[in-house]
Structures are given as C-alpha cells and as structure tokens.
Amino acid sequence: MHRRRRTALLLSAAIAAAPLLTACGSDAHPGAAAVVGGQRITVTQLETRVNEVRDAQRAAVADDAQYAQAIAKTGTLTRDTLHSMVLDRVLHRAAEDEGITVTRKEIQTMRAGLEQQAGGAKGLETAWLQQYGIAPERLDDNLRLQLEAQKLAAALGTDTSQPAFWAALSKASKELGVDLNPRYGTWDVEKSSRVDAKTPWVREVTASGTRQTA
C-alpha cells in the first residue's frame, strides 16, 4: 500500500512540478484549455472534470462550513486538474512507446487491494478525493495511470522519482506537442515547475458563484 500511495502522491505532486509542459502563448486553439497530440482538451471538458470533484466534495461533507474548508484546500483545482489531464495523455504516450499496456483485470486487482486496505470501496473513494482530488467516477482512470507509471518505471529500470522516468515523459510530451492555454499558467522547464499566469484580466468562477483573480 505504501509504495502505491507514494506513486499516487508523486504523480499528483507532479501535476504541479514536472518538466513536460510548454505554454502556447497564443490563441491558435480557441476554446481549448490545452492541445495534446493534436487533440483538444476543451474548457468545457476541464470544467466538467472540476465539477465532478466539487460535486463529490459537496456530497462527502455534512455542512456548508466543511464544504468551504474543502474548497479552500483545493483552490488551484482547475489548474491542477488540467495538468492531471495532460499528464495522463503524456504518460499514456510514454507507456505506448515502451509497448506497455494495462488490462482491465489489472486495474480491478489493484483497486480490490486498495479497497481492502482502505476499509472498503467508499473508504478508497474518500481517500482519493481528499488526498488527490480524484472524483469517484475517475478512480479507475487514475489507477490505470498509476499502473502505467509503475510499469514504465520498471521497463526503464528505474522508479518514478528518478530523472530517467521524467525524461521519458518529457520525450513523450515533445512528440505530442503539448500546447497549454496560458490562462492556466506557463511552464518553466529549467526549474521543472509550474508558474501561474499573472494576468488580472483572467478570472475564474468559484463554486459559490463569486469571482476571483486567477
């Protein structure tokens, strides 16, 4: 469990720090939050994923105060979710490059083991929601991501914390031509960290309906 939790945590942290995203700095793809391999991740798709998490957070707490605390802890959810969606596609490409596949049975086996250690399906869903911002309906997709990461690291003779692993993701991102909408930030390749765009004219709508500077 500990190794798998570390992998999940690492990949979640990587959403905010990984040398694989580039910023487009243009409006070549209107309506797109990002373009990966010529395929758009639309703003609508991104908003849907964010709403899934917010709905799950709302359902998981008893009152407005607890929900407000959950919102406060995930204030960068939109950007983090986009990075997760991009990372998923990049990792999948890197795994494909190494001939790696993940079966439905492998996902089910991993989930069964995690559920047993988390005290059941509900416990696992709650843990992934609270710790990694993964909505219950996206849990299997995330487990596929974890398995692909583990298999990729093994194929490279390394682990997910080492430069060789991230170099493979960087290579895949270049092959895909990741194009990130600058309203969701830019990417500092040298520092291997995400830099939020400081554009006061770009605003996001919070769950309460108020607006805040992005």
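What you see is a predicted model, and the numbers here were worked out from it, not measured in a lab.

S.K.: Looking at this structure, I do not really get the overall build of the protein. What am I missing?
M.R.: Along its length, the protein carries 8 helices and 7 strands. With 214 residues in all, the protein has 42% of them scored as buried. Partitioning the contacts of the protein with sequence separation of at least 6, the portion at a separation of at least 24 is 70%. Working note: accessible area of the protein is about 11,200 Å², and carbon and sulfur atoms make up 50% of it.

S.K.: Before we go on, may I ask you to explain the packing of aromatic side chains in this structure?
M.R.: The description of an aromatic ring pair rests on the distance of the ring centres and on the angle between the ring planes. Counted under the stated rule, the structure contains 2 aromatic pairs. Note on Trp128 and Tyr132: the rings are 4.8 Å apart at their centroids and 80° apart in plane angle, and the pair reads as edge-to-face. Highlighted residues: Trp128 and Tyr132, both in helix α6 (residues 121-132), separated by 4 residues, approximately one helical turn. A single burial state applies to Trp128 and to Tyr132, both of which are buried. With a centroid separation of 5.2 Å and 90° between ring planes, the pair formed by Phe165 and Trp166 is classed as edge-to-face. Its relative accessible area of 0% is what places Phe165 among the buried residues.

S.K.: Would you mind showing me how to read the nonpolar core here?
M.R.: In a soluble, globular protein the nonpolar side chains are often hidden away together inside. In this structure, Leu82, Val86, Phe165 and Leu169 are the most contacted members of the largest nonpolar core, which totals 32 residues. When residues of this core are traced back to their parent elements, those giving at least two are β1 (32-36), α2 (43-60), α4 (77-97), α7 (139-155) and α8 (163-176). The element that contributes the greatest number of residues to this core is α4, accounting for 9 residues. Excluding residues within four positions of it along the chain, Phe165 makes contact with Leu91, Ala149, Leu152, Ala153, Leu156, Thr158, Asp159 and Thr160. Counting residues in each nonpolar core, the second largest holds 12 residues, with Val102, Leu124, Ile134 and Leu147 among its members.

S.K.: In this structure, what is going on with the side chain of Gln57? I would like to understand it.
M.R.: Its place among the elements puts Gln57 in helix α2. Other than its neighbours up to four places away in sequence, Gln57 contacts Tyr67, Ala70, Ile71, Thr74 and Leu129.

S.K.: Teacher, can you tell me more about α8 here?
M.R.: An α-helical turn contains 3.6 residues, so a residue and the one three or four places further along point in the same direction. For α8, spanning 14 residues, the distance from its first C-alpha to its last is 20 Å, which sits close to the expected 20 Å at 1.5 Å a residue. Of the residues flanking the end of α8, it is Gly177, one or two places downstream, whose phi is positive at about 65°.

S.K.: So what exactly am I meant to see when it comes to the environment of Lys174 here?
M.R.: Along the polypeptide, Lys174 turns up in helix α8. Judged by relative accessible area, which is 67%, Lys174 ranks as exposed. Spatially, the C-alpha atoms of Lys174 and Val36 are 9.8 Å apart, while their sequence positions differ by 138 residues.

S.K.: Would you mind showing me how to read the confidence of the model for the protein here?
M.R.: For residues with low pLDDT, the predicted coordinates do not support detailed interpretation. Put simply, the protein has an average pLDDT of 78, and 72% of its residues get 70 or more. Looking across the protein, the model is least confident in strand β6 (residues 203-205), with a mean pLDDT of 37, and most confident in helix α5 (residues 104-118), with 97. Across residues 13-23 the pLDDT falls below 50, and counting only partners more than four positions away or on other chains, this stretch makes 43 contacts in the model. Under a pLDDT of 50 for its full length, residues 197-214 has, in the predicted model, 25 contacts with residues more than four places off or in other chains.

S.K.: Whenever I open this one, the pattern of salt bridges confuses me. Can you help?
M.R.: By the definition in use, this model includes 14 salt bridges. Lys171 is paired through a salt bridge with Asp97; the nearest N and O atoms lie 3.8 Å apart. Placement of the pair is Lys171 in helix α8 and Asp97 in helix α4, with a sequence separation of 74 residues. A relative accessible area of 48% means that Lys171 is categorised as partly exposed. On the basis of relative accessible area, Asp97 is assigned to the partly exposed category, the value being 38%.

S.K.: Teacher, can you tell me more about the pairing of strand β2 (residues 39-42) here?
M.R.: Looking down a regular strand, the side chains alternate between one sheet face and the other. Where β1 lies against β2, 4 bridges are found, and the strand directions are antiparallel. Its bridge partner being in β2, Val35 is matched across the sheet by Arg40. In textbook terms, the turn of a hairpin is the stretch between consecutive antiparallel strands, and for β1 and β2 this stretch comprises 2 residues, one of which, Gly37, has a positive phi near 60°.

Rules and cut-offs
- Residues numbered from 1 in each chain as written.
- Predicted model: local features only at pLDDT ≥ 70, side-chain atom pairs only at ≥ 80, totals over all residues.
- Heavy atoms only, no water.
- Helix = DSSP H or I, 4+ residues; strand = E, 2+ residues; numbered from the N terminus.
- Buried < 20%, exposed > 50% of the residue type's maximum accessible area, 1.4 Å probe, protein only.
- Contact = heavy atoms within 4.5 Å.
- Areas by Shrake-Rupley, 256 points an atom, 1.4 Å probe, with all protein chains shown as cover.
- Phe/Tyr/Trp six-rings, centres within 6.5 Å; stacked < 30°, edge-to-face > 60°.
- Core = buried A, V, L, I, M, F, W, Y, C linked by side-chain atoms within 4.5 Å.
- Expected span 1.5 Å × (residues − 1).
- pLDDT = per-residue confidence, 0-100.
- Salt bridge = Lys/Arg side-chain N within 4 Å of Asp/Glu carboxyl O.
- Pairing = 2+ DSSP bridges.

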